[in-house]
Amino acid sequence: MPLARRIGLFDATMVVMGGIVGAGIFLTPATVAFETGSYGQMLAAWLVGGLAALLGAFVYAELGARRPQAGGQYVYLREALHPSVAFLYGWALLLVIQTGGMAACAIAFARYFEQLFSTSLPEGALAALVMAALTLVNCLGVAAGSRMQSILMLLKIVALTGLIVSGFVVEAAVPAPAPAGEGLGAALIPVLFSYGGWQTACFVAGEMKEPRKDLPRALVLGVLGVIALYTLVALACARSLSLGALALSKAPASEVATRALGSKGATLIAACIAISTLGFLSQSILTAPRVYFAMAQDGVFFKSVGTLSERTKAPVVAIVLQGVLAVVIALSGTFDTILRTVVSMDFVFMALSAACVFVFRKREPKGGFEMPGHPVTTVVFIGICAWVVVAVWLRDPLHALYGLLLTVAGLPAYLLWNQRRIKT
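Just so it is clear, the structure is predicted and the values come from calculations on it, not from any experiment.

Draft legend 1. Structural view of a nonpolar patch on the surface. Where nonpolar side chains cluster on the molecular surface, the patch consists of Leu398, Leu401, Tyr402, Leu404, Leu405, Val408 and Leu411 and spans about 580 Å² of accessible area. A total of 6 residues in the nonpolar patch trace back to one element, the largest contributor, which is helix 17 (residues 397-408). Relative to the helices and strands, Leu401 resides in helix 17.

Next up, the structure:
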């Protein structure tokens, strides 16, 4: 039974943007201002990071046009490199990268929700409830999941636009001196992480109405939209607070809104962040289960994960499996440590995926959309990914090693499932 193709260009673009925009943009401008120490370098950091994300979007646009199937990155790695590499990516995605990110996002939502409504539920329980609710929505089918994602992304755009307007309306009266940061290189690390996530839209290529045409367009349009939003948010915060005050701020978005709207500003920003985290969580639940579905279809994962609901044509078992693991991580309270162990591995797999462009072009000279400036631009993107991995290892080698070991630990599982697949 094939997946239902119900996602159009607009919803696909919202999925791209939803995979990037989380709660980080409400805080990251302060970190970037601190590391750069000048308006020029701060602006350059957001634009250079955006350019890197755009290069990545072009890479995945070509890969998606060549292999417009459910599973995205998993499919590229499987067909260009080796099925074991693809499995290790899916293994890390399910056990930590996606589920850990979902848990962290749900906890962030719970904290801001508590500020707004003062509930008596523990934050872990509230996080589990919201993940269960969004998991249920996505079990109703890709149309319901993508519609929910589009609504939440539109609300995030409205919230960020309000923050931008607030920042440009109220200018800092006495600019504070900016600290001397480590420079553009150090600022690019949080910027690149803030721009990450666009690649997850490729997971649902198998449910797009016209993936060969719409996926490349959605990737480029979505990343360009986020570049505009992020750059304007950073400039608005710097104008409202001054670069020096922004660099030392613990909650820059809240301070900007408070300056523009008074005491209601903090409440408004709490609502905006809650909506933003909810939207990011919704996108995660919508996209990643298609990877586990593809793994099961290949016979290297639990067979039931590769089944579809007769009524909704959604991979319900894969969606529920991911939701259960994310809930366990949220309730355990260890997600922050787990996330640090695999963040470098995410960029390793992104670099490997970019390398797939060379393999596919050698096999298939014509593939629809093509990476502009290849091979130079593709090599540049691979270099950016390698730089991020090295930077993470230098800053936190212990957790980076844990991430590598956890990923490699998937090899015995792959060999076991692959042996069973061969026998049957």
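Draft legend 2. Quick look at the packing of aromatic side chains. Applying the stated criterion across every chain yields a total of 18 aromatic pairs. Taken together, a centroid distance of 5.7 Å and an interplanar angle of 80 degrees make the contact between Trp46 and Tyr230 edge-to-face. Of the two residues, Trp46 is situated in helix 3 (residues 39-66) and Tyr230 in helix 9 (residues 211-241); the sequence distance between them amounts to 184 residues. Overall, Tyr230 belongs to the buried group, its relative accessible area being 1%. Judged by centre distance (5.1 Å) and plane angle (55 degrees), the ring pair of Phe301 and Phe302 falls under tilted. We classify Phe301 as buried; its relative accessible area is 8%. Here Phe302 falls in the partly exposed class, since its relative accessible area comes to 46%.

Draft legend 3. Structural context of the nonpolar core. Counting residues in each nonpolar core, the largest one holds 109 residues, and the members touching the most others are Trp46, Tyr74, Tyr76, Phe87, Trp198, Val223 and Tyr292. The element best represented in this core is helix 9, accounting for 14 residues. Residue contacts for Trp198: discarding those within four places in its chain leaves Val16, Ile20, Ala53, Gly56, Ala57, Tyr60, Leu219, Val223, Met350 and Phe381. The next biggest cluster of nonpolar side chains, apart from the first, holds 25 residues, and it includes Ala103, Ala110, Leu281 and Ile319.

Draft legend 4. Looking closely at the packing of helix 5 (residues 83-117) against helix 13 (residues 289-297). Direction vectors running N to C along helix 5 and helix 13 enclose 140 degrees, while the axes themselves pass 10 Å from each other. The orientation of helix 5 with respect to helix 13, classified from their angle, is oblique. Both helix 5 and helix 13 take part in a crossing whose hand is left-handed. In contact with Phe87, Gly90, Trp91, Leu93, Leu94 and Gln98 of helix 5, helix 13 contributes Val291, Tyr292 and Met295. When its residues are assigned to classes, the contact of helix 5 with helix 13 shows 7 nonpolar, 2 polar and no charged.

Calculation notes
- Residues numbered from 1 in each chain as written.
- Predicted model: local features only at pLDDT ≥ 70, side-chain atom pairs only at ≥ 80, totals over all residues.
- Heavy atoms only, no water.
- Patch = residues over 30% accessible without salt bridge, like charges linked within 9 Å, V, L, I, M, F, W, Y side chains within 5 Å.
- Areas by Shrake-Rupley, 256 points an atom, 1.4 Å probe, with all protein chains shown as cover.
- Salt bridge = Lys/Arg side-chain N within 4 Å of Asp/Glu carboxyl O.
- Helix = DSSP H or I, 4+ residues; strand = E, 2+ residues; numbered from the N terminus.
- Phe/Tyr/Trp six-rings, centres within 6.5 Å; stacked < 30°, edge-to-face > 60°.
- Buried < 20%, exposed > 50% of the residue type's maximum accessible area, 1.4 Å probe, protein only.
- Core = buried A, V, L, I, M, F, W, Y, C linked by side-chain atoms within 4.5 Å.
- Contact = heavy atoms within 4.5 Å.
- Axes fitted to C-alpha atoms, helices over the stretch in contact; angles between N-to-C directions.
- Parallel < 35°, antiparallel > 145°, perpendicular 65-115°, else oblique.
- Left-handed = near helix turned anticlockwise from the far one by under 90°.
- Nonpolar A, V, L, I, M, F, W, Y, C, P; charged D, E, K, R; others polar.

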